[in-house]
Amino acid sequence: MSQVAEQDKTAASGGEDFDGLRLRQVTKSFGAFTAVDDLDLDIPNGSFFALLGPSGCGKTTTLRMVAGLEIPTSGSITLGGDDITFAKPYRRPVNTVFQSYALFPHLDIFENVAFGLRRRKKSDVEAQVNKMLELVELTSQARKKPAQLSGGQQQRVALARALINEPQVLLLDEPLGALDLKLRRSMQIEIKRIQNEVGQTFVHVTHDQEEAMTMADTVAVMNRGVIEQMGSPSDLYENPRSTFVANFLGQSNLIEGAVTHRSADLVTVDMHGIGVSIPVARAHADGDRGWVGIRPEKVLIGELGEELDAPGNSVPGGVVTDVSFVGVSTQYLVRMPWGQELQVFQQNTGHRRLFRQGEQVELSWRPEYAFLLDYSQDAAAGAQRGAED
Amino acid sequence: MSDFQRRRGAVGYLLLIPAALWLVLFFVVPFYSLLATSLYDPSGSDFRGYQMTYEWSNYTHALQDYWQPLVRSLIYGGVATLLCLLLGYVLAYAIAFKAGRWKNLLLVLVIAPFFTSFLVRTLSWKLILADDGIVVNTLQAVHLLGPDGRLLATPVAVIAGLTYNFLPFMVLPLFASIDKIDHRLIEASGDLYANPVVGFFKVTWPLSLPGVVSGTLLTFIPAVGDFINAQLLGSPNQRMVGSVIQSLFTDANDYPAAAALSMILMVLIVAMVLVYIRRAGTEELL
Amino acid sequence: MTGRWIRDHLVLMLGLLVLAYTFIPIAVVVLMSFNAPQSRLIYRFDGFTMHNWLNPCEDPSMCQALGRSIEIGLAATIVATILGTLAAFALVRHDFAGRSASNLLIFLPMASPEIVMGSSLLALFVASGLGGQLGFWTILVAHIMFCLSFVVVTVRARLAGLDDNLEQAAMDLYATPSQTFWRVTFPLVFPGILGAALLSFSLSFDDFIITNLNAGNTTTFPMYVWGVAQRGVPMQVNVVGTVMFLISIAIVLAGELRNRQRAKGLTAPTVAEDLAVQRAS
């Protein structure tokens, strides 16, 4: 278990009276493969929580254990103080929106949505279903079969069918994965609106970092069965604690450096002969070496000797090797004297000139934007994300 | 990898046992009876009972007496299978790739005629191929058939009947295989300078091989054993092995000879199927 | 222009020609059902009449044979469908020693020549001293045997194609295991079971080779046709053939129509597709 999640545990556990969803030391193995490894997690009631990670990281298995579709190999799951670790899926107040929606093809939309109510012999099914169909704007489709609906409409039926049961926790398993980009964006906003309206706990599993950051108020980044870091989207982005998070959420420049001095509020690092300083709260490396991280859009690019937004860590001697103009910004690759190519994104505000390939430039950034990561971590971890999108 | 996959335990056996027991009792055990019967003393009879004397000579006698209908059955079955493959491929290909939204309807139409009685259908071929019928008259008019030539009571009629009757056994597996082929692969082969004919033989045909193999087996096996077509459309000169076995049982009451001939047919077919599957490289079909 | 059109549609045209060819004998059957023959011995169209349709049981032995075939067909279908469906569930949903052996046992009857299966059964019946009691029951036993495999593969294909997420979704929505089965699994597998039952009935109704060897003095409809084929065929045989064709067309078209209404696009496969799938498996 990483040290980060240890901190989270002490921070989040408000004693035994915690009434949200709590996972304690949950492990799930399939034969020799450990999908989820000693996971501790507290999800407070009413939050929109995202489990973010690449495929195979254990996020879906975690979700299925909460739904009761898998039984943990060890550990416990409690909901509102009740142990539900071994409860049958049909006996727990948790509902799931499946990745493929899993709408019953032989039932119409109305009956799909009514399914859970009817199984629990609820009264007033008709009125409740109609109200729910109104919420997801499908009233006119009530008597159609799922296959007659578009992907986005099917998605909303799946959501309605789960939500109508007023679960304590709603689980969403990559619910937007099958939709095209444009529809996905509008459904993200739609689901967020619905969550605001109903106020239940949503646990959302996704491999799309943008989706997780757009929708959730708390994001847990999962990798190889453990949680790497948990926090608000801006927290994770601005102050990543591991190379995996730094690379998986957005892009980062990671530069090798040796720690030369630690004071009460600053860590000073020698980065290929250039001294840079990093606030202690953003330094997550104990040893005498580390990775200095800086987001490409935080790096300023200027001509040699140009005075750039002081007081900064200034890095001279760069040569522009690639220029991509992408509209809102211009993305540069700059080769540094030590051979590494750094990424620089410059907003196209119109105030600054464009640099050309081969030009000598100087880079600079404010110390409060940089972060320091442990040298034992792989600088390329999490960077292959683009391949599976 | 899920807890919801196949369940272990006794329930599986309970569900399976009735069907499995039925097949063991009435499919597997009968083979043993057939084998035993084929080795009985041929001088016995249905009334007096048979003695088990391990008469392997039943087999040599059966081969000596009936090798002609046996070989003929294999040839007729083989030719009919090839014709079915030709016709069936065209039909399956057209339905899979060219029928668009009519695909399902055409598939239904392929099967529909075959729900009409096998014997009644075969009888209508007798009418169609009759000596003064339209087919014979047309063939005579274009001199493909002599003025006294006929189709009935010739191998042509028997093979035509077999081809017709077993066509759906070929079309359905072929369709299932061809329908799975990604059409973009064929477009890609065109893009890579394969003309349509080369594209067919280099892409479509190899990808449809599983269907070809199961289709030819499902056609060949019943066609070899069939004797309805030979009996209704042919003459004694076109007698097939099934007919011999059947009349040895029911008319001649020579059970050991009939059983021996049955065993020979079964062994021949199994051997041919195994060789064929091995050569086609599709063992996984079994 | 026309050359290109012909080239583009050549395969479709050829395919439709083959399809048309499969209907030629059916057309003859329908035509002959209205035939007024001059002689029983000459099988050709002599004149139009409704007589055969109005007097289907002119030869009572034909209707008797027909009734016998329907009885056997229904009984064999019911037993084979129930046993086969249970076995299909076992093979898809349960794990046990001997699964692959069971799959082989189910495959083999479909790959054996009927004449061999028929001979074997006869050898068994005779060896068990039932040689004198061949008839309804021995035919029924045989028919259930060869229908079983087709039921298993048809239902198995349907069941294997079922999305497990649907059953998980049902459980997630408070359905107990038995509710999940009756509300979700069974309704979704039912078309496959129905298709298997139709196939069984038609296999049983149409069988001649195995039946003939194990029938004793009992006569089924195919055996009746076989008998009269040698001595002159009553035209009512064609009435039966036409009715069978119409019924089967009605059944498959009804299924097709229902599917078209149900959805355009992803749907439950039709009976025809189920058959195609099982043939290929």
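Residues numbered from 1 in each chain as written. Chains lettered and ligands numbered in written order. Predicted model: local features only at pLDDT ≥ 70, side-chain atom pairs only at ≥ 80, totals over all residues. Heavy atoms only, no water.

Attention now goes to the overall build of chain C. From N to C terminus, chain C includes 12 helices and one strand. Order of helices (α) and strands (β) in chain C, N terminus to C terminus: α-α-α-β-α-α-α-α-α-α-α-α-α. Split into buried and exposed, the 281 residues of chain C put 56% on the buried side. Summarising the internal contacts of chain C: among those between residues at least 6 apart in sequence, 71% fall at separations of at least 24. When the accessible area of chain C is evaluated, it comes to approximately 11,600 Å², of which 68% is carbon and sulfur surface. (Helix = DSSP H or I, 4+ residues; strand = E, 2+ residues; numbered from the N terminus. Buried < 20%, exposed > 50% of the residue type's maximum accessible area, 1.4 Å probe, protein only. Contact = heavy atoms within 4.5 Å. Areas by Shrake-Rupley, 256 points an atom, 1.4 Å probe, with all protein chains shown as cover.)

Our focus in this paragraph is the environment of G118(C). Residues and elements named next belong to chain C. Here G118 lies in helix α5 (residues 114-127). For the pair G118 and T211, spaced 93 residues apart in sequence, the C-alpha separation works out to 7.4 Å. Once you skip the residues sitting within four places of it in the chain, G118 turns out to touch I210, L213 and N214.

Turning to the packing of aromatic side chains, a few remarks are in order. For the structure on display, the rule yields 35 aromatic pairs over all chains. Look at Y93(B) and F97(B): their rings are 5.0 Å apart centre to centre, the planes differ by 85 degrees, and that puts the pair in the edge-to-face class. Note that Y93(B) and F97(B) are positioned in helix α2 (residues 57-98) at a spacing of four residues, about one turn of the helix. Look at F181(C) and W182(C): their rings are 4.9 Å apart centre to centre, the planes differ by 90 degrees, and that puts the pair in the edge-to-face class. Owing to a relative accessible area of 26%, F181(C) belongs among the partly exposed residues under this scheme. Chaining the aromatic ring pairs together yields one cluster made of Y89(B), Y93(B), F97(B), F200(B), F201(B) and W205(B). Sitting over the ring of Y375(A), R289(A) keeps its end group 5.4 Å from the ring centre. The ring of Y237(A) has R295(A) lying over it, and the distance from NZ or CZ to the ring centre is 3.9 Å. (Phe/Tyr/Trp six-rings, centres within 6.5 Å; stacked < 30°, edge-to-face > 60°. Lys NZ or Arg CZ within 6 Å of the ring centre and 35° of its normal.)

This part covers unusual backbone geometry. Of note, K121(A) is a non-glycine position whose phi angle comes to about 55 degrees, a positive value. Take K121(A): it is sitting in the loop between α3 (109-119) and α4 (125-135). Residue class for K121(A) comes out exposed when judged on its relative accessible area of 68%. The phi dihedral of N253(B) falls on the positive side, at around 55 degrees, and the residue is not glycine. Residue placement: N253(B) occurs in the loop between α11 (241-250) and α12 (255-280). N253(B) gets classed as partly exposed once you look at its relative accessible area, which sits at 28%.

This part takes up the nonpolar core. Residues L21(A), F104(A), L265(B) and F221(C) are the most contacted members of the largest nonpolar core, which totals 162 residues. With 15 residues, helix α6 (residues 136-160) of chain C is the single largest residue contributor to this core. Apart from residues no more than four positions distant in its own chain, F221(C) is found in contact with S117(B), V120(B), M62(C), A65(C), L66(C), S69(C), F205(C), V237(C) and V240(C). Within the second largest apolar cluster, 48 residues are counted, among which are L91(B), I128(B), L172(B) and V203(B). (Core = buried A, V, L, I, M, F, W, Y, C linked by side-chain atoms within 4.5 Å.)

Attention now goes to the state of the cysteines. Residue and element names in this part refer to chain C. All told, the structure shown has one disulfide over all chains when counted by the stated rule. Here C57 pairs with C63 through a disulfide, and the sulfurs are 1.9 Å apart. Looking down the S-S bond of the C57 and C63 bridge, the torsion is -95 degrees, so its handedness is left-handed. Classification of C57 as partly exposed rests on a relative accessible area of 43%. (Disulfide = S-S within 2.5 Å.)

Another aspect to go through is the interface of chain B and chain C. At the interface, 91 residues of chain B touch 90 residues of chain C. Between chain B and chain C, a total of about 8,300 Å² is buried, with carbon and sulfur atoms accounting for 77% of that surface. For the pair chain B and chain C, the number of links is one salt bridge. One salt bridge in this structure joins R121(B) and D206(C), with 3.8 Å as the shortest N-O distance. (Buried area = accessible area lost by both parts, 1.4 Å probe. Salt bridge = Lys/Arg side-chain N within 4 Å of Asp/Glu carboxyl O.)

Our focus in this paragraph is the pattern of salt bridges. Tallied over the entire structure, the rule returns 23 salt bridges over all chains. E111(A) is the salt-bridge partner of R118(A), the closest N and O atoms lying 2.8 Å from each other. For R68(C), the salt bridge is made with E71(C), and the minimal N-O distance between the two is 3.4 Å. Taken together, the residues span about one helical turn, with R68(C) and E71(C) both in helix α3 (residues 60-93) at a distance of three residues.

Take α4(A) next. Helical geometry note: an α-helix holds 3.6 residues per turn, so side chains three or four residues apart project in the same direction. Residue and element names in this part refer to chain A. By the burial criterion, the buried members of α4 are V125, V129, M132, L133 and L135. Mapping the buried residues of α4 onto a view down its axis gives an arc of 155 degrees, with all of them on the same face. The exposed residues of α4 that point more than 90 degrees off its buried face are E126, K131 and E134. Buried residues along α4 sit against α3, α5 (151-163) and α6 (181-198). Just beyond α4, the residue with positive phi is E137, at close to 60 degrees. (Arc of directions from axis to C-beta.)

Further remarks concern the side chain of R295(A). Residues and elements named next belong to chain A. Turning to its location among the elements, R295 is positioned in the loop between β15 (289-294) and β16 (300-303). The charged side chain of R295 is buried without a salt bridge, its nearest counter-charge being E297 at 5.4 Å. Excluding residues that lie within four positions of it along the chain, R295 makes contacts with L236, Y237, P240, V245, A246, L249, G250, Q251, S252 and N253. (Lys, Arg positive; Asp, Glu negative; His and termini not counted.)

Moving on: the pairing of strand β11 (residues 253-262) of chain A. Residue and element names in this part refer to chain A. Note that β11 and β15 share six bridges and pair antiparallel. What sits directly across from I255, in β15, is V292. As paired strands, β11 and strand β12 (residues 266-271) are joined by four bridges and run antiparallel to one another. Among the inter-strand pairings, R262 is bridged to a residue of β12, identified as V267. Adjacent in sequence and paired antiparallel, β11 and β12 are bridged by three residues. (Pairing = 2+ DSSP bridges.)

Here the focus is the sheet that holds β12(A). Residues and elements named next belong to chain A. The sheet built from six strands is open, its strands ordered β13-β12-β11-β15-β21-β14 with mixed pairing. Each edge of the open sheet carries a strand with a single partner, namely β13 (274-279) and β14 (283-284). Strand direction decides the pairing type here: β12 and β13, joined by six bridges, are antiparallel. Paired with V267 across the bridge in β13 is I278.

We now examine the sheet that holds strand β9 (residues 218-223) of chain A. All names here are of chain A. Ordered in space as β6-β7-β8-β3-β9-β10, the six strands form an open sheet in which the pairing is mixed. Across the chains shown, the open sheet's two edge strands, defined by having one partner strand only, are β6 (94-97) and β10 (226-231). Across the sheet, the mean angle from the axis of one strand to that of its neighbour is 20 degrees, orientation sign disregarded. Pairing of strand β3 (residues 48-52) with strand β8 (residues 201-206), which is carried by five bridges, proceeds in the parallel orientation. When the bridges of β8 are listed, A50 appears paired with H204. Along the sheet, helix α2 (residues 59-67) contacts β3, β6, β7 (169-173), β8 and β9; its crossing angle with β7, the most-contacted strand, is approximately 145 degrees. (Axes fitted to C-alpha atoms, helices over the stretch in contact; angles between N-to-C directions.)

All right, on to the domain arrangement of chain A then. You'll often see interface size given as the accessible area lost when the parts meet. Residue and element names in this part refer to chain A. For chain A, the assigned domains read domain 1 (3-238) and domain 2 (251-388). If you look at the interface, domain 1 gives seven residues, while domain 2 gives seven residues. In total, domain 1 and domain 2 occlude about 660 Å² of area from one another, counting both sides; carbon and sulfur atoms represent 29% of this. Contact with domain 2 buries area across many residues of domain 1, yet H207, Y237 and E238 alone supply 70% of it, more than any other trio. The interface formed by domain 1 and domain 2 holds one salt bridge in total. Between E238 and K298 there is a salt bridge; the shortest N-O distance is 3.1 Å. Here domain 1 is connected to domain 2 by four residue pairs in polar contact (both at pLDDT 80 or more). Of the residues belonging to the side of domain 1 that touches domain 2, the class tally is three nonpolar, three polar and one charged. (Domains from an automatic or database assignment. Polar contact = N/O pair within 3.5 Å; in protein donor to acceptor, adjacent residues only side chain to side chain. Nonpolar A, V, L, I, M, F, W, Y, C, P; charged D, E, K, R; others polar.)

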